[in-house]
Amino acid sequence: MENDPELNGKYLGTITQNFVLVAETLREASYQVRKRQISKYPIFVFSRTPVPVGSLFLAKEELALEWDISASYLEDFVQRKLVAEDKVEEFEAAYKDPDEFCCLFVLDEDFTNFVFIPFPED
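Residues numbered from 1 in each chain as written. Predicted model: local features only at pLDDT ≥ 70, side-chain atom pairs only at ≥ 80, totals over all residues. Heavy atoms only, no water.

(A) Local environment of the pairing of strand E5 (residues 112–118). In this sheet, E5 lies alongside strand E4 (residues 101–107) in antiparallel orientation, the contact comprising seven bridges. The partner of Cys103 across the bridge, within E5, is Phe116. Between the antiparallel neighbours E4 and E5 lie four residues. (Pairing = 2+ DSSP bridges. Helix = DSSP H or I, 4+ residues; strand = E, 2+ residues; numbered from the N terminus.)

Structural data, given as structure tokens:
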């Protein structure tokens, strides 16, 4: 898999459509991960096929989505060597306010990268 830094329109459209449908659920899950001190850095994995990253949180079939959504966090990504230990500080510095943005790890055949999407305004 190649790591493409640019999120092209094909992905942006489907991710945004699916994200809007589950944004409040993801916001609450992010809050709970932080409140329970599991991690300061929740990450939601968007994938079209099952992946061994995180725990399946929202199955695409159950909600008529195009993407399965798994819940994870930075420490899990480090343990799985998806984020190198020497890049943790860099990741933490780039991580956006989790009350305002949702950290997604988009994993598909042509695209693998972190994306921060703003939660909808109340």
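Now that the structure is up, let's keep going.
(B) Focus on the packing of aromatic side chains. Scanning all chains against the criterion turns up eleven aromatic pairs. Arranged with centres 5.0 Å apart and planes meeting at 90°, the rings of Tyr41 and Tyr95 form a pair that is edge-to-face. Here Tyr41 is found in the loop between helix H1 (9–35) and strand E1 (42–47), whereas its partner Tyr95 is found in the loop between helix H4 (88–94) and E4, with 54 residues between them in sequence. Both rings, one in Phe91 and one in Tyr95, keep their centres 5.7 Å apart while their planes meet at 45°; by these two values the pair is tilted. By relative accessible area, which is 11% here, Tyr95 ends up buried. Joined through ring pairs, the aromatic side chains of Tyr41, Phe77, Phe91, Tyr95, Phe105, Phe114 and Phe116 make up one cluster. The ring of Trp67 is capped by Arg48, whose NZ or CZ atom sits 4.1 Å from the centre of that ring. Over the face of the ring belonging to Phe101 we find Lys96, whose NZ or CZ atom lies 5.0 Å from the ring centre. (Phe/Tyr/Trp six-rings, centres within 6.5 Å; stacked < 30°, edge-to-face > 60°. Buried < 20%, exposed > 50% of the residue type's maximum accessible area, 1.4 Å probe, protein only. Lys NZ or Arg CZ within 6 Å of the ring centre and 35° of its normal.)

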